[in-house]
Amino acid sequence: MADDKKLTTRAEDFSAWYNEVVLRAELADYSPVKGSMVIRPNGYGIWERMQRALDDKFKATGHVNAYFPLLIPESFMHKEAQHVEGFAPECAVVTHGGGKKLEEPLYIRPTSETIIYHMFAKWVQSYRDLPILMNQWANVVRWEMRTRLFLRTLEFLWQEGHTAHATHDEAEAEAKMILGQYRDFMENWMAMPVVTGLKSESEKFAGALRTYCLEAMMQDNKALQAGTSHNLGQNFAKAFELKFQAESGEIEHAWNTSWGVSTRMVGGLIMTHGDDNGLVTPPKLAPIEVVIVPIWKTDDERAKMVEAANKLKAELTGWSGRGEDRLRVHVDARDGMRSGAKYYEWELRGIPLRLELGPKDLEKQSVFSARRDTRVKAAIPMEGVAPAVAQLLASIQADLFTAAKARRDAATHRGDITYDRFKEIMEGPGGFVYAGWNGDPAVEAQVKEETKATIRCIPDEEFRSPNAPKTCMVTGQPAKYEVVWAKAY
RNA sequence: CGGGACGUAGCGCAGUCCGGUAGCGCACCUGAAUGGGGUUCAGGGGGUCGCGGGUUCGAAUCCCGCCGUCCCGACCA
């Protein structure tokens, strides 16, 4: 921050830019405990909008919310072999309580499969008790060595869905259905394009049969895993004796899924849409969609313009053209701050649309608008201002997605790419590279070692190249899959 | 845990080499003017200079020890 007022630009130093946006837009702040953070109202407001939209989707697809406890007996963590192997190193463990050493240490949940399937086992006897479609909003703790605001912190907020089904196919359908819900949310609410697909064996969730994921591209061309959905098979059901009597009379193990998205998405939002002036929030997730800045010179004028601004706000919020989803409007009537300074501040905070209302506008019976995304300005007639504003917001929402998708596609490489060319891309601008892979984990490890890029996913059909590579990029052997490579957060 | 840097006001820093009254910018408070893209002037508040010890008449500055933070690597929603 050479200039106290200007942000470091994305081109200068992307990660410095990111940190400055988070801190200066007051989305979050560092907490006294290294690696954990405080989510401030501006950031939490976005998370609340995310929660509401997702929660509605979960409810609409038949899920119910519950809450399971933070502390998990150590023995539970050890019941599923891969799970404990994957998570034990990053767990925080409570060894003392009430001033005494505990008989059995308690793990602070890094995720809740173990406790939840233990409970499900208590609740399920018959196929008639299935499926269980449950979700919880919770915090989890993972003792990361290297942390970044929103993207990786010791503690974070998320939702974790957990379901139990009578058959493999039903669980598989659930895991994929949720993936679709996430995708819809990311595209239509976050305006963030994603590639959906399957994780390779080495990248899948500890204890899962298969992990599906959504991968987004940030403006520095690195990938961000924005969400995951797992088909857990019967792994946890066997470990926790989650059994039921089938219609046939046989005792069978249930089939589970789990799926989650976290406050990491706020980081994804920032890095997808932010610009050198700060945050850019898609209207649907903006706690405030419209800020009205009244403009005045004298005290008399101030009273008049603040009144006019409040009247405008009332007209906007009173408009029912969006049904229950009323326009979210704020009037910035602060005295002692120039309008220009207010503009910069609201731009930093990513408010999608600014309306300036001064004596001249009032005279002309119009209001002056400025879009946050394109910074295009235009007068809007007072007559019919609400639908016009709603229309502008809808355009901003749509244009953000289009722009983000164009950026991603411009940094996506397909076709027969040699390993040398691949290295050039990864050392240089980065991006998504679609390439053939023979399916050998050793090749995957080698590429990771040599280039720091990883297989983000085996993409779902609609994302695959029309002419999929026939050979493995590294070995030249026949390709088993087309995969997406990228450096990732 | 290995490699590098740094701890001075809320934030960003100068001062440290060469010991001598703790400073600057931003932010904050008060007042006045200003007011359609970061306003100006005047006044003001705020710091055990990371902690502990040593050298010295005197330490932010020199010496020893400790602690902490950040960046790079090993792990990762």
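About the cut-offs
Residues numbered from 1 in each chain as written. Chains lettered and ligands numbered in written order. Predicted model: local features only at pLDDT ≥ 70, side-chain atom pairs only at ≥ 80, totals over all residues. Heavy atoms only, no water. Helix = DSSP H or I, 4+ residues; strand = E, 2+ residues; numbered from the N terminus. Rg over C-alpha atoms; globule rule 2.2 N^0.38 Å. Buried < 20%, exposed > 50% of the residue type's maximum accessible area, 1.4 Å probe, protein only. Contact = heavy atoms within 4.5 Å. Lys, Arg positive; Asp, Glu negative; His and termini not counted. Charge placed at Lys NZ, Arg CZ, Asp CG, Glu CD. Near = heavy atom within 4 Å. Polar contact = N/O pair within 3.5 Å; in protein donor to acceptor, adjacent residues only side chain to side chain. Nonpolar A, V, L, I, M, F, W, Y, C, P; charged D, E, K, R; others polar. Pairing = 2+ DSSP bridges. Axes fitted to C-alpha atoms, helices over the stretch in contact; angles between N-to-C directions. Core = buried A, V, L, I, M, F, W, Y, C linked by side-chain atoms within 4.5 Å. Parallel < 35°, antiparallel > 145°, perpendicular 65-115°, else oblique. Left-handed = near helix turned anticlockwise from the far one by under 90°. Domains from an automatic or database assignment. Buried area = accessible area lost by both parts, 1.4 Å probe. Salt bridge = Lys/Arg side-chain N within 4 Å of Asp/Glu carboxyl O. Phe/Tyr/Trp six-rings, centres within 6.5 Å; stacked < 30°, edge-to-face > 60°.

**Here we look at the overall build of chain A**
Point 1. Each helix and strand counted, chain A has 14 helices and 23 strands in total.
Point 2. The C-alpha radius of gyration of chain A comes to 25 Å, within 12% of the 23 Å expected for a compact globule of 489 residues.
Point 3. Projecting the C-alpha coordinates of chain A onto the three principal axes gives extents of approximately 80 × 55 × 50 Å.
Point 4. Buried residues in chain A amount to 53% of all 489 residues.
Point 5. Here the contacts in chain A between residues at least 6 apart in sequence split such that 70% fall between residues at least 24 apart.
Point 6. Averaged over its 62 positive side-chain charges, chain A has a centre that lies 3 Å from the centre of its 68 negative ones.

**Side note on helix α10 (residues 339–348)**
Point 1. Taken residue by residue, α10 has Lys-342, Tyr-343, Glu-345, Trp-346, Glu-347 and Leu-348 as its buried positions.
Point 2. Looking at the buried positions of α10, the neighbouring elements they touch are α1 (14–24), β15 (290–294), β16 (329–331) and β17 (353–357).
Point 3. Backbone geometry just downstream of α10 places Gly-350 in the positive-phi region, at approximately 80°.

**Quick notes on the protein's contact with RNA strand B**
Point 1. What surrounds RNA strand B is a group of 37 residues, the closest being Arg-146, Arg-152, Gln-225, Arg-354 and Asp-361.
Point 2. Backbone atoms, meaning sugar plus phosphate, form 42% of the atoms of RNA strand B positioned within 4 Å of the protein.
Point 3. Contact distances for RNA strand B include 3.4 Å between a base nitrogen and a backbone N or O atom of Gly-358.
Point 4. Elements with a minimum of two residues in the surface near RNA strand B: α10, β17 and α11 (359–364).
Point 5. When its residues are assigned to classes, the surface near RNA strand B shows 10 nonpolar, seven polar and 20 charged.

**Details of the sheet that holds strand β6 (residues 100–108)**
Point 1. Taken together, the three strands give an open sheet; going across it, the order is β4-β6-β5, and neighbouring strands pair in antiparallel fashion. Two strands bound the open sheet, and with one partner strand each, they are β4 (71–73) and β5 (93–97). Sheet twist, expressed as the mean angle between neighbouring strand axes with direction ignored, is 50°.
Point 2. As paired strands, β4 and β6 are joined by three bridges and run antiparallel to one another. Note on β6: the bridge partner recorded for Leu-71 is Ile-108.

**Regarding the nonpolar core**
Point 1. Counting residues in hydrophobic clusters, the biggest one holds 46 residues, and the most contacted among them are Met-186 and Ile-270.
Point 2. For this core, the elements supplying multiple residues, two or more each, are α1, α2 (41–60), α6 (168–188), β10 (210–217), β11 (223–233), β14 (255–262) and α8 (264–273).
Point 3. When residues no more than four places from it in sequence are discounted, the contact partners of Ile-270 are Trp-17, Tyr-18, Val-21, Val-22, Leu-27, Phe-150, Gln-219 and Leu-279.
Point 4. Core analysis: the next-biggest nonpolar cluster, separate from the first, contains 30 residues, Phe-68, Phe-76, Phe-87 and Ala-239 among them.

**Focus: the packing of helix α9 (residues 299–318) against helix α12 (residues 385–410)**
Point 1. Viewed as axis vectors pointing N to C, α9 and α12 meet at an angle of 70°, and their least axial separation amounts to 9 Å. Between α9 and α12, the interaxial angle falls into the category roughly perpendicular. At the point where α9 passes α12, the crossing takes the right-handed sense. The residues of α12 that touch α9, namely those facing Leu-312, Glu-315 and Leu-316, are Val-385, Ala-386 and Val-389.
Point 2. Among the residues forming the contact of α9 with α12, the class breakdown is five nonpolar, no polar and one charged.

**A closer look at the domain arrangement of chain A**
Point 1. What the domain assignment reports for chain A is domain 1 (14–273), domain 2 (283–395) and domain 3 (415–486).
Point 2. Tallying the contact residues gives 13 residues for domain 1 and eight residues for domain 2.
Point 3. Together, the buried faces of domain 1 and domain 2 total about 920 Å²; carbon and sulfur atoms form 63% of this surface.
Point 4. Taken together, the connections running from domain 1 to domain 2 amount to one salt bridge.
Point 5. Notably, a salt bridge pairs Arg-349 with Glu-26, separated by 3.4 Å at the nearest N-O pair.
Point 6. In this structure, the connection of domain 1 to domain 2 is made through three residue pairs in polar contact (both at pLDDT 80 or more).

**Here's the deal with the packing of aromatic side chains**
Point 1. One pass over the structure, following the stated rule, counts 16 aromatic pairs.
Point 2. Taking 5.8 Å as the distance between ring centres and 65° as the angle between the ring planes, the aromatic pair formed by Phe-76 and Phe-240 counts as edge-to-face. With Phe-76 in helix α3 (residues 74–77) and Phe-240 in the loop between α7 (235–239) and β12 (243–245), this residue pair connects regions lying 164 residues apart in the sequence.
Point 3. A relative accessible area of 10% means that Phe-76 is categorised as buried.
Point 4. Exposure remark for Phe-240: the relative accessible area of 6% places this residue in the buried category.

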